Amino acid sequence: MTDRMRPRRSNLAVPGSSTKMLEKAKGLQADQIFMDIEDAVAPLAKPDARKNIVAALNEGGYEDKIRTVRVNDWTTQWTYADVVEVVGGAGANLDCIMLPKAQTADQVVALDLLMTQVEKSNGLEVGRIGIEVQIENALGLINIDAIAAASPRVEAIIFGPADFMASINMKSLVVGEQPPGYDVGDAYHYILMRILMAARAYDKQAIDGPYLAIKDVEGYRRVAGRSAALGFDGKWVLHPGQLDAANEVFSPRQDDYDQAELILDAYDYATSAAGGAKGAVMLGDEMIDEASRKMALVVVAKGRAAGMARTKAFTAPASSDAATSAPAPAGA
Ligand code: GLV
Ligand code: MG
């Protein structure tokens, strides 16, 4: 079965019009690549972009990444042909279709129906290819719950800051400029949290969009750190220079990962008969209970998905009256 929650820490954007960039992307350490036929491709170049993308996907070399194609939104004349050509031509080598400027649940349903038909007529497995939706305007944000629930194919909800700011008349905050007396973080907070709530309510991933000042890697790290702290799963990468920051910021730190693994072991032991069937115990200086286990599960899932290895092993205390013991080094 398709793992719709596969890691998406870094989401590399590549214009479908550039065969050079499509080729170069193969060697980059991104969790996901999305090949674009939408806003990074000029109208006159869209027919060729579709062809380049089909050829690149079928030629292969992206198998270690989630392979996504961003089609044009439903208000244009291009969406159906994008889907027919890309899913029809390379559906076996494609993981997701990204729908930009999603505004209503109907638009997601329409895409699902079209994908289903193209899958059937090309002998592809129906429903395997997922959908990622971009929330890029007020109507999309207002309808976000219905959009998230519109199709079992939906895997991720993505913030599109550039289009969003334009659509609500917010002044040029997208490149991280800060007008005097104004905190950009506040400006985005409601939108990010709204996206995150819908994602968590419907078991989808929450992905932050682009940071346009591609030379400002520290700025990227700061903005990515903000969405990671809220609970987002990943962020777009417009330039290879942003990749390491994305992979790092959206993975747990080693200490946090080790601690989370210890909490799971210690709590498992504490609640067992051997551990005295306790529901709240001390682990080092920290009181842990069932809620701690739930928080630890989130960190552990992210760390394991990122291929992290723990460096501390849990050892049960000699007596069940004692608090859980201090961690021993792994392998001890
Ligand atoms: C991305 O598509 C954006 O509009 O920010
Ligand atoms: Mg956009």
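Residues numbered from 1 in each chain as written. Chains lettered and ligands numbered in written order. Predicted model: local features only at pLDDT ≥ 70, side-chain atom pairs only at ≥ 80, totals over all residues. Heavy atoms only, no water.

As assigned here, the protein comprises domain 1 (10–249) and domain 2 (254–327). On a C-alpha basis, the centroid separation for the pair domain 1 and domain 2 is 36 Å. (Domains from an automatic or database assignment.)

With that settled, the discussion passes to the coordination of the magnesium ion (ligand 2). With distances of 2.0 to 2.1 Å, the protein atoms coordinating the magnesium ion (ligand 2) are Glu-136 (OE) and Asp-163 (OD). Placement of Glu-136 in the loop between strand S5 (130–135) and helix H5 (138–142) and of Asp-163 in helix H7 (residues 161–167) is noted, with a sequence separation of 27 residues between them. Taking relative accessible area as the criterion, Glu-136 reaches 3% and is therefore assigned buried. (Donors = N, O, S within 2.8 Å, 3.2 Å for Na, K, Ca; no water. Helix = DSSP H or I, 4+ residues; strand = E, 2+ residues; numbered from the N terminus. Buried < 20%, exposed > 50% of the residue type's maximum accessible area, 1.4 Å probe, protein only.)

Okay, the nonpolar core next. In this structure, Met-35, Val-69, Ile-97, Ile-157 and Ile-195 are the most contacted members of the largest nonpolar core, which totals 62 residues. Sorting elements by how many residues they give to this core places helix H8 (residues 184–201) first, with 7 residues. Every residue in contact with Ile-157, bar those within four places of it in the chain, is listed here: Val-133, Ile-135, Ile-144, Ala-148, Ile-195, Ala-198, Ala-199, Lys-204, Gln-205, Ala-206 and Ile-207. Ile-263, Ala-266, Ile-288 and Phe-314 belong to the second-largest nonpolar core, a separate cluster that totals 14 residues. (Core = buried A, V, L, I, M, F, W, Y, C linked by side-chain atoms within 4.5 Å. Contact = heavy atoms within 4.5 Å.)

Before going further, it helps to examine a nonpolar patch on the surface. Side chains of Leu-212, Ile-214 and Leu-238 sit close together on the surface and give an oily, nonpolar patch of about 200 Å² of accessible area. Among the secondary structure elements, Ile-214 is positioned in the loop between strand S7 (205–208) and helix H9 (217–230). (Patch = residues over 30% accessible without salt bridge, like charges linked within 9 Å, V, L, I, M, F, W, Y side chains within 5 Å. Areas by Shrake-Rupley, 256 points an atom, 1.4 Å probe, with all protein chains shown as cover. Salt bridge = Lys/Arg side-chain N within 4 Å of Asp/Glu carboxyl O.)

As a structural note, the neighbourhood of ligand 1 is formed by Arg-70, Gln-134, Glu-136, Gly-160, Pro-161, Ala-162, Asp-163, Pro-210 and Trp-236. Within the side chain of Gln-134, a nitrogen or oxygen atom sits 2.9 Å from an oxygen atom of ligand 1. One of the side-chain nitrogen or oxygen atoms of Glu-136 is found 2.8 Å away from an oxygen atom of ligand 1. Calculation on ligand 1 without its partners gives an accessible area of 200 Å², and the protein chains cover 93% of this total. Classifying every residue of the shell around ligand 1 by side-chain character gives 4 nonpolar, 2 polar and 3 charged. (Near = heavy atom within 4 Å. Polar contact = N/O pair within 3.5 Å; in protein donor to acceptor, adjacent residues only side chain to side chain. Nonpolar A, V, L, I, M, F, W, Y, C, P; charged D, E, K, R; others polar.)

Another aspect to go through is the packing of aromatic side chains. Inspection of every chain in the model, using the stated rule, returns 5 aromatic pairs. Centroid distance Phe-159 to Phe-164: 5.9 Å. Interplanar angle 65°. Geometry classified as edge-to-face. A relative accessible area of 2% means that Phe-164 is categorised as buried. An angle of 80° between the planes, with centres 5.7 Å apart, marks the rings of Phe-159 and Tyr-188 as edge-to-face. With a gap of 29 residues between them, Phe-159 in strand S6 (residues 154–159) and Tyr-188 in helix H8 connect regions that are remote in the sequence. Residues Phe-159 and Tyr-188 agree in their burial class; the two are buried. An aromatic cluster of at least three residues, connected via ring pairs, comprises Phe-159, Phe-164 and Tyr-188. A cation over a ring is seen here: Lys-46 above Trp-78, with NZ or CZ 4.8 Å from the ring centre. (Phe/Tyr/Trp six-rings, centres within 6.5 Å; stacked < 30°, edge-to-face > 60°. Lys NZ or Arg CZ within 6 Å of the ring centre and 35° of its normal.)

A full pass over the atoms with the stated rule returns 31 salt bridges. A salt bridge links Lys-101 to Asp-39; its shortest N-O distance comes to 3.0 Å. Of the two residues, Lys-101 is situated in the loop between strand S4 (96–99) and helix H4 (105–121) and Asp-39 in the loop between strand S2 (32–36) and helix H2 (46–59); the sequence distance between them amounts to 62 residues. Accessibility expressed as a relative area gives 16% for Lys-101, which makes it buried.

As a further point, take the packing of helix H11 (residues 254–271) against helix H12 (residues 290–305). Running from amino to carboxyl end, H11 crosses H12 at an angle of 130°, the nearest separation of the two axes being 8 Å. In terms of axis orientation, H11 runs oblique to H12. Crossing angle aside, the handedness with which H11 passes H12 is left-handed. Here Asp-256, Tyr-257, Ala-260, Glu-261, Ile-263, Leu-264 and Tyr-267 of H11 come into contact with H12, specifically with Glu-290, Ser-292, Arg-293, Ala-296, Leu-297, Val-299, Val-300, Gly-303 and Arg-304. (Axes fitted to C-alpha atoms, helices over the stretch in contact; angles between N-to-C directions. Parallel < 35°, antiparallel > 145°, perpendicular 65-115°, else oblique. Left-handed = near helix turned anticlockwise from the far one by under 90°.)

What follows concerns the environment of Ala-166. Structurally, Ala-166 can be placed in helix H7. On a C-alpha basis, the gap between Ala-166 and Gly-123 in space is 41 Å, while along the polypeptide they are 43 residues apart.

Checked against the element boundaries, Ser-292 lands in helix H12. The exposure class assigned to Ser-292 is buried, which follows from its relative accessible area of 7%. The contacts of Ser-292, once residues within four sequence positions are left out, are Ile-263 and Met-287.

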